[in-house]
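Structural description and commentary
Next come the chains, spelled out residue by residue.
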Amino acid sequence: MEPILKLEDLRVEFRSGALRHNPKVALRGLNLEVYRGEIFGFIGPNGAGKTTTINVLLGFVAPTAGNAYLFGVNVREPIARQRIGYLPELTYYYKFLTVEELLRFYARIFGIPRRETDRRIDQLLRLVELEQVRNRPIKTYSKGMQQRVGLAQALINDPELLILDEPTSGLDPIGRMKVREIIQRLKNEGKTVFFSSHELGEVETVCDRVGILHEGELRTVGRVSDLKAQFQTDLERIFLKIIGYQLNT
Amino acid sequence: MNKILAIAGVVIKELYRRKDFYVLFVLTALITLVMGSATFFNDPKIVRYLVEVCLLLIWVSAIAIAIGTAARQIPAECESRTIFPLLAKPVTRAHVILGKFLGCWFACGIALVAFYAFAAIVRGSREAYWPMLHYFQASWLHWMGLAVMIAMVILGSLIFSAPSANATICEIIIVGILLLGGHLDTVALRQPPPLDLITYTIYFFIPHLEWFDVRDILVHDQPLIKWWAVLGATAYAAAYTATFLFLAWLIFRRKPLNA
Ligand SMILES: Nc1ncnc2c1ncn2[C@@H]1O[C@H](COP(=O)(O)OP(=O)(O)OP(=O)(O)O)[C@@H](O)[C@H]1O
Ligand SMILES: [Mg+2]
């Protein structure tokens, strides 16, 4: 089966300042394949390179070496992004627009017809529970509400692949539960979800497979159940063990 | 095209939801009205003077709006990270540049219509004089000149990292060209050998924004400009605008965007 998302020896170096010769290596040769209908959890400590990987997938950062493909199309081509939805880590949307205007703007970029746009906006605002504030400018929203705006915009084009960078950060327990439900529902609709997270409990419940990234290297990839069987413990302990953290028990 | 217009629409929405736009307009209106109601309003020369001040204010305000808006666009997108969800859509960086440009330019066009209509009404009500084609030529050329300036500022916003530095540099260049651009060739004649060549080169390569400043046809009731000249100036503006936007795209295309 053709993978929906594929990384081939992906390497990213950041050079700060043109003349400095010790580049910061953010990713060291990542290889990964994610298939249709999978929910893939991407975990790793702060600074492991999760956001960098996602930035490459979206074409924001060019790989230093290696390649990345979405639906078999190299991510350098903008068309690779027609069927994906993306939720960035910490974003502020156009503060002076209302959530409805924002979604309408993005729908227009995708070329979604007017009637369909109206229908989807109603549906999405209901889904993320922003109906009451739909006519208020985004600058008046709380952090969690902004995060939900992000989720709504990621779904506007009814994407086949969702790339979410820490989708539950800043959400309250109910909000987190809702996001989990949304991810489950998308899976039932046959969509693919690739997301990074620090909430291991959540990853454990919703993901089919996880990848553990540490210092730019993918240390482990596998089914959650297989990993648990292999290490005889829960995901949190597996995670700590793989990144080399000694537990004093 | 639809993508570009969608991006332009957001620029325009932002502008009319901000206050500075109205402040400038109200200021221009107030100054003109105060001057108009000054005691010596029976002097026929005063009307001409009034028109001159009003048009100068319009030029200054329009340049301020154009530079202020254009300098902010792309840096603000990066700052607020809205560029990320935007570019994650099937939008290219060329779309972003063109959308931002058109948004700023249309917004300036709307402002110009308001400004020139105001000037026409003030003058018409005093003199019962309505040279509509003159107003059209002056505002059209003004708008074309603004296109060049906006494209230049957008290019600048990708070269200089701080928007305020970019705005200042562009202001100096634009005002410099407006005041001196037309005289550089005569200046060149008076320079010693290496400098005269340099001055001539500058004279040939700068966009001659002063050609778009035809306030005199309104102030001094001069005859209309030849239409072929207006057309030529329009093409000239389009060429410079396209060049600046193309350079902006070349820079933006390679720019890594990281969070
Ligand atoms: N623009 C940049 N210039 C230099 N180094 C960078 C840049 N962006 C990221 N890095 C480095 O790359 C590494 C990976 O960063 P990344 O943002 O991908 O981590 P992350 O896994 O998303 O972490 P977090 O969990 O905190 O979000 C870090 O060490 C970071 O310092
Ligand atoms: Mg991150």
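Below: a short report on this structure.

Moving on to the layout of surface pockets. Counted as a void, the largest pocket has a volume near 790 Å³. The wall of the largest pocket is formed by 27 residues, among which Gly59 and Ala62 of chain A together with Arg93, Arg253 and Lys255 of chain B lie closest to the centre. For the lining of the largest pocket, the secondary structure elements donating two or more residues are β1 (5–14) of chain A together with α5 (93–127) and α11 (227–254) of chain B. Here the residues of the lining of the largest pocket sort into 15 nonpolar, 4 polar and 8 charged.

Let us now look at empty space enclosed by the protein. If you roll a probe as big as a water molecule over the atoms, it shows you where there is empty space left. Residues and elements named next belong to chain B. For the structure shown, the criterion picks out 4 cavities of 30 Å³ or more. Considered as a void within the structure, the largest cavity measures approximately 60 Å³ in volume. Every residue lining the largest cavity is listed: Thr32, Val47, Leu50, Val51, Cys54, Ala119, Val122, Arg123 and Tyr135. Considering every element that reaches the lining of the largest cavity, the biggest residue donor is helix α3 (residues 44–79), with 4 residues. Residue composition of the lining of the largest cavity, by class: 7 nonpolar, 1 polar and 1 charged.

What follows deals with the coordination of the magnesium ion (ligand 2). Note on the magnesium ion (ligand 2): its protein donors are Thr51 of chain A (OG1) and Glu89 of chain A (OE). The metal-donor distances range over 1.9 to 2.5 Å. Of this pair, Thr51 of chain A sits in helix α1 (residues 50–57) while Glu89 of chain A sits in the loop between β6 (84–87) and α2 (99–109), and the two are 38 residues apart along the sequence.

Here the focus is the sheet that holds β6 of chain A. Residue and element names in this part refer to chain A. Strand order in this open sheet of 6 strands is β6-β7-β8-β3-β9-β10, and the pairing throughout is mixed. This sheet does not close on itself; its edge strands, each paired only once, are β6 and β10 (217–223). For this sheet the average axis-to-axis angle between neighbouring strands, irrespective of direction, equals 15 degrees. Where strand β7 (residues 161–165) and strand β8 (residues 192–196) come together, 5 bridges link them in parallel fashion. Considered in β8, the bridge of Leu162 is made with Val193. Along the sheet, α1 makes contact with β3 (39–43), β6, β7, β8 and β9 (209–214), crossing β7 at roughly 145 degrees.

Contact residues are listed per partner, giving 27 residues for chain A and 27 residues for chain B. With both chains or domains summed, chain A and chain B bury close to 2,500 Å², and 65% of this area falls on carbon and sulfur atoms. Counting across the interface, chain A meets chain B through 1 salt bridge. Linking Glu101 of chain A and Arg17 of chain B is a salt bridge whose minimum nitrogen-to-oxygen distance equals 2.7 Å. Applying the counting rule to chain A against chain B returns 7 residue pairs in polar contact (both at pLDDT 80 or more). With 5 residues, α2 of chain A is the largest single contributor of residues to the side of chain A that touches chain B.

Another aspect to go through is the site of ligand 1. Residue and element names in this part refer to chain A. Lining the immediate environment of ligand 1, one finds 15 residues, of which Gly47, Lys50, Thr51, Thr52 and His198 sit closest. Ala48 is positioned with one of its backbone polar atoms (N or O) 3.2 Å from an oxygen atom of ligand 1. In the environment of ligand 1, an oxygen atom lies 2.6 Å from a nitrogen or oxygen atom belonging to the side chain of Thr51. Notes on ligand 1: free accessible area 640 Å², of which the protein chains cover 72%. At the level of elements, β2 (24–34) and α1 are the ones that each hand at least two residues to the shell around ligand 1. At 3 residues, the largest contribution of residues to the shell around ligand 1 is made by α1. Taken together, the residues of the shell around ligand 1 break down into 4 nonpolar, 7 polar and 4 charged.

So, about the packing of helix α7 (residues 224–231) of chain A against helix α8 (residues 235–242) of chain A. Residues and elements named next belong to chain A. Running from N to C, α7 and α8 point in directions that differ by 70 degrees, and their axes come no closer than 10 Å. As far as their axial angle goes, α8 and α7 are roughly perpendicular. Contact with α7, carried on its side by Leu227, Lys228 and Phe231, involves Leu235, Ile238, Lys241 and Ile242 of α8 and no other residues of that element. Of the residues contributing to the contact of α7 with α8, the split by class is 5 nonpolar, no polar and 2 charged.

Take the packing of aromatic side chains next. Here the structure, examined in full by the defined rule, presents 20 aromatic pairs over all chains. Between Phe42 of chain A and Phe194 of chain A, the aromatic rings sit 5.1 Å apart at their centres with planes inclined by 40 degrees, giving tilted as the arrangement. Taken together, the residues Phe42 of chain A in strand β3 and Phe194 of chain A in strand β8 connect sequence positions 152 residues apart. Taken individually, Phe42 of chain A and Phe194 of chain A each receive the classification buried, so the pair is uniform in this respect. Taken together, the ring pairs in this structure connect Phe101, Trp105, Phe106, Phe136, Trp140, Trp143 and Trp227 of chain B into an aromatic cluster. Of note, Lys89 of chain B hangs over the ring of Tyr106 of chain A, and the distance from its end group to the ring centre comes to 4.3 Å. Against the face of Phe252 of chain B rests Arg93 of chain B, its NZ or CZ located 5.6 Å from the ring centre.

Basis of the calculations
Chains are numbered independently. Their residues run from 1 in the order of the written sequence. In the order they appear in the text, chains get letters beginning with A and ligands get numbers beginning with 1. In keeping with the predicted nature of the model, local features appear solely for residues at pLDDT of at least 70, side-chain atom pairs appear and are counted solely at 80 or more, and the whole-chain, interface and lining totals rest on all residues. With hydrogens and water stripped out, all remaining heavy atoms of the structure feed into the side-chain values. The pocket and cavity definitions rest on a 1 Å grid over protein atoms only: a 1.4 Å probe that fits but cannot leave marks a cavity, an open set with protein on both sides within 12 Å along at least five of seven lines marks a pocket, and residues lining either have an atom within 4 Å of a point. Grid points are joined across faces, edges and corners, and a volume is the space filled by probe spheres set on the points. Only DSSP runs of H or I covering at least 4 residues are called helices, and only runs of E covering at least 2 are called strands; the numbering of each starts at the N terminus. Following the grouping adopted for this structure description, the nonpolar residues are Ala, Val, Leu, Ile, Met, Phe, Trp, Tyr, Cys and Pro, the charged ones are Asp, Glu, Lys and Arg, and the polar ones are all others, Gly among them. Water is not among the atoms examined, so metal sites may look incomplete; donors are the N, O and S atoms within 2.8 Å of the metal, or within 3.2 Å for Na, K and Ca. The pairing criterion is simple: DSSP has to find at least two bridges between the two strands. All axes are obtained by fitting lines to C-alpha atoms, using only the stretch in contact for helices, and the reported angles, taken between N-to-C directions, cover 0 to 180 degrees. Working rule for contacts: check all heavy atoms of both residues, and any pair within 4.5 Å makes them a contact. Each of two parts loses accessible area, computed with a 1.4 Å probe, when they are put together; buried area is these two losses added. Any carboxyl oxygen of Asp or Glu that lies within 4 Å of a side-chain nitrogen of Lys or Arg is treated as forming a salt bridge with it. Here a polar contact is taken to be a pair of N or O atoms separated by no more than 3.5 Å, where protein atoms must pair a possible hydrogen donor with a possible acceptor and residues adjacent in sequence count only if both atoms sit in side chains. Near, as used in this document, describes a residue that has one of its heavy atoms within 4 Å of the molecule or strand being considered. Surface accessibility follows the Shrake-Rupley procedure with a 1.4 Å probe radius. Residue values consider only the protein chains on display as shielding. Just so you know how the angles are binned, under 35 degrees is roughly parallel, over 145 roughly antiparallel, 65 to 115 roughly perpendicular, and the rest oblique. Pairing of aromatic side chains requires ring centres within 6.5 Å, counting the rings of Phe and Tyr and the six-membered ring of Trp. Pairs whose planes differ by under 30 degrees are stacked, by over 60 edge-to-face, and all others tilted. The rule is simple: take the accessible area with a 1.4 Å probe, protein chains only, and divide by the maximum for that residue type; under 20% is buried, over 50% is exposed, in between is partly exposed. We call a charge positioned over a ring when the NZ of a Lys or the CZ of an Arg lies within 6 Å of the ring centre and within 35 degrees of the ring normal.

Coordinates in, geometry out; function isn't part of it.
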